[in-house]
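# Geometric and topological summary
So you can see what is in the structure, the chains are spelled out below.
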Amino acid sequence: MASNDEAPEVDRSTTVDTPPTVAIRPPVPEQSGDRWMPVDIIPPEPAAASPAPGDKPSHQPKHAAPEPTAGDVLQSPRRAMDERRERFARLRARPAFRFLVLGLLLTVMLGVAGAAGLAGGKVIPPKADSLGSARAPDGTNEPPVATGAPATGEAPQPQNPSGSPTYSPPAGTRVRPADVYGAWAATRSVRLDIPVVALQAYGYAEAVTARTTPRCHLTWTTLAGIGKIESDHGRTNNSVLQDDGRSTPPIVGPPLDGQNGRQAVADTDQGALDNDRSWDRAVGPMQFLPSTWRQYGLDADNDGMSDINDIDDAALTAAAYLCAGDRDLSTLEGWNAAIHSYNVPEEYRAAVFNATNDYGRRDRQG
């Protein structure tokens, strides 16, 4: 930037040998007692006593780090925290930061869901109300992802109760047909936690259905899965499954009165099976409605009557009901349709699938 002061004229010679020799120097600043020189200043030695009034403090260059004071020491963490907050605020304002936080949240949520799924994989059997009830059972898992029907166990192997192929019962005595599966059931009862009597009934129902409805492909594990969910194989509510197949005391579900999500079904049997003249109730180890039992009930133990409280009769009746409509239970579509006909909610189908699949796998593994 040009100066406003006019420079003195200088004799400009044209001779090459005599170049100008006048040096241009900056003006010398005026000396003043109030002005300090910025260079070559040696700070004085610290005085032992306090400076007198009017004395100037020693000069400190701008680039020199001042000696920390007690206040600086206390404020350093606060200053560092303020700087971190400023940096975090600038980072948070960036769009990429928001996507990063969203991605981390989704990752954590998926991880928690996965851990919960691994920890809670065991099915808690629901308490079913009735055949065809609209009430969703409590405590069931989400429907499992499946590409085929549930695993099946080993086919039931009949054996003569006496161990002799020529055995015949004494005259006048009644033999329970399912007893021929006693040895087969005994090897599985403890491992699968299913009473021998119930396993015999399920195995016998599979064998009979294989002869009468071969295209159905019903397995005892499906009957066991339903029996587990419906009544814990005739043992729910402190009932005991007797050697003859009857649950004592009889298992009777709550009234289907339309309350608490239950279906409303008015009485159809005048209380003959469920002791309720106002509403129908599900009855027996396989939890049949009186109206359904009247249509499908079978006598599986040759005692001359179809008993809704007998696991033999109830298991064979359930097999016939599941196979109705020319269903093929060897396919996932046919199996799902059969279970949904037994009880509507998807949660119920999932619970039966899990129980059936579990029995099949554990039986195959031995």
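Keep in mind the model is a prediction, meaning the values are calculated, not measured. All residue numbers here refer to positions counted from 1 along the written sequence of the relevant chain. Confidence filtering applies because this is a predicted model: local features only for residues at pLDDT of at least 70, side-chain atom pairs given and counted only at 80 or more, and all residues used for totals across whole chains, interfaces and linings. As a rule here, side-chain values come from all non-hydrogen atoms in the structure, and water together with hydrogens is ignored.

Right, let's get into the environment of tyrosine 348. Take tyrosine 348: it is sitting in helix α9 (residues 346-365). Sequence separation between tyrosine 348 and isoleucine 226 is 122 residues, and the spatial gap between their C-alpha atoms is 9.4 Å. Only DSSP runs of H or I reaching four residues or more are called helices, and only runs of E reaching two or more are called strands; each is numbered from the N terminus.

What makes a salt bridge here is a side-chain nitrogen of Lys or Arg within 4 Å of a carboxyl oxygen of Asp or Glu, nothing more. Applying the stated criterion to the full structure yields 14 salt bridges. One salt bridge in this structure joins aspartate 326 and arginine 215, with 3.6 Å as the shortest N-O distance. Of this pair, aspartate 326 sits in the loop between α7 (311-323) and α8 (332-342) while arginine 215 is found in the loop between α4 (196-212) and α5 (220-231), placing the two residues 111 residues apart along the sequence. When sorted by exposure, aspartate 326 lands in the same class as arginine 215, which is exposed. A salt bridge links aspartate 232 to arginine 235, with the shortest nitrogen-to-oxygen separation between them at 3.1 Å. Think of it in three bands: with a 1.4 Å probe and only protein chains considered, a residue is buried below 20% of the maximum accessible area for its type, exposed above 50%, and partly exposed in between. Residue aspartate 232 is classed as partly exposed on the basis of its relative accessible area, which comes to 23%.

A few words now on the packing of aromatic side chains. Side-chain rings of Phe, Tyr and Trp, where Trp is taken by its six-membered ring, are said to pair if the distance between their centres is within 6.5 Å; with planes under 30 degrees apart they count as stacked, over 60 as edge-to-face, and otherwise as tilted. According to the stated counting rule, one finds seven aromatic pairs in the structure shown. With centroids separated by 4.9 Å and ring planes inclined at 80°, the aromatic side chains of tyrosine 296 and tyrosine 321 adopt a geometry described as edge-to-face. With tyrosine 296 in helix α6 (residues 290-296) and tyrosine 321 in helix α7, this residue pair connects regions lying 25 residues apart in the sequence.

Criterion for a disulfide: a pair of cysteine sulfur atoms at a distance within 2.5 Å. Evaluated as defined, the whole model comprises one disulfide. The disulfide that involves cysteine 216 links it to cysteine 323, with 1.9 Å between the sulfurs. Across the S-S bond of cysteine 216 and cysteine 323 the torsion is about -80°, and the bridge reads as left-handed. Placement of cysteine 216 in the loop between α4 and α5 and of cysteine 323 in helix α7 is noted, with a sequence separation of 107 residues between them.

A separate point is α5. A helix is expected to span 1.5 Å for every residue after the first. For α5, with 12 residues, the first-to-last C-alpha span of 16 Å sits near the 16 Å given by 1.5 Å per residue. Among the 12 residues that make up α5, 11 are buried, leaving the element largely enclosed by the rest of the structure. In this analysis, two residues are considered to be in contact whenever any of their non-hydrogen atoms come within 4.5 Å of each other. Those residues of α5 that are buried lie in contact with α3 (182-192), α4, α7, α8 and α9. Once α5 ends, the next one or two residues include aspartate 232, with phi positive near 55°.

Two elements in contact, α5 and α8, have axes whose closest approach is 12 Å; the angle formed by their N-to-C orientations is 30°. On the basis of the axis angle, α5 is roughly parallel to α8. Considering how the two elements wind past one another, α5 and α8 form a crossing that is right-handed. Along its contact with α5, which presents Thr222, Ile226 and Glu230, the element α8 presents Trp335, Ile339 and Tyr342. Taken together, the residues of the contact of α5 with α8 sort by class into four nonpolar, one polar and one charged. Every angle, taken between N-to-C directions, lies between 0 and 180 degrees, and every axis is a line fitted to C-alpha atoms, over only the stretch in contact when it is a helix. Here the angle decides the label: under 35 degrees means roughly parallel, over 145 means roughly antiparallel, 65 to 115 means roughly perpendicular, and every other value means oblique. Crossings are assigned a handedness: left-handed for a near helix turned anticlockwise from the far helix by less than a right angle, right-handed for a clockwise turn. Residue polarity is assigned by list, with Asp, Glu, Lys and Arg as charged and Ala, Val, Leu, Ile, Met, Phe, Trp, Tyr, Cys and Pro as nonpolar; anything else, Gly included, falls into the polar class.

What follows covers the environment of leucine 273. Mapped onto the elements of the fold, leucine 273 is located in the loop between β2 (247-248) and α6. In this structure leucine 273 comes out as partly exposed when scored by relative accessible area, which is 31%. Counting along the chain gives 35 residues from leucine 273 to isoleucine 308, while the straight-line C-alpha distance between them is 8.0 Å. Contact partners of leucine 273, with chain neighbours within four places excluded, come to Val283, Pro290, Trp293 and Ile308.

Moving on, we get to the nonpolar core. Nonpolar cores were defined as sets of buried Ala, Val, Leu, Ile, Met, Phe, Trp, Tyr and Cys residues, with membership established by side-chain atoms within 4.5 Å. By size, the foremost hydrophobic cluster in this structure holds 49 residues, and its most contacted members are Tyr202, Met286, Leu322 and Tyr342. Put simply, the parts of the chain that give this core at least two residues each are α3, α4, α5, α7, α8 and α9.

Scored by pLDDT, the protein chain has a mean of 75; 58% of the residues are at 70 or more. Predicted confidence is poor over residues 3-19, with pLDDT under 50, and the contacts of this stretch with residues over four places away or in other chains come to one contact. The low-confidence segment residues 32-41, where pLDDT is below 50, has six contacts with residues more than four positions distant or belonging to other chains. Residue-level confidence of the predictor, termed pLDDT, takes values from 0 up to 100.

Further remarks concern unusual backbone geometry. Residue threonine 248 is joined to proline 249 through a cis peptide bond whose omega torsion reads -5°. Within the secondary structure layout, proline 249 lies in the loop between β2 and α6. The backbone phi angle of asparagine 238 is positive, close to 65°, even though this residue is not glycine. For asparagine 238, the position within the fold is in the loop between α5 and β1 (240-241). For asparagine 238, a relative accessible area of 73% corresponds to the exposed category. Of note, the phi angle at glutamine 287 is positive, near 55°, even though the residue is not glycine. When you line up the elements, glutamine 287 lands in the loop between β2 and α6. Judged by relative accessible area, glutamine 287 falls into the buried class, the value being 2%.

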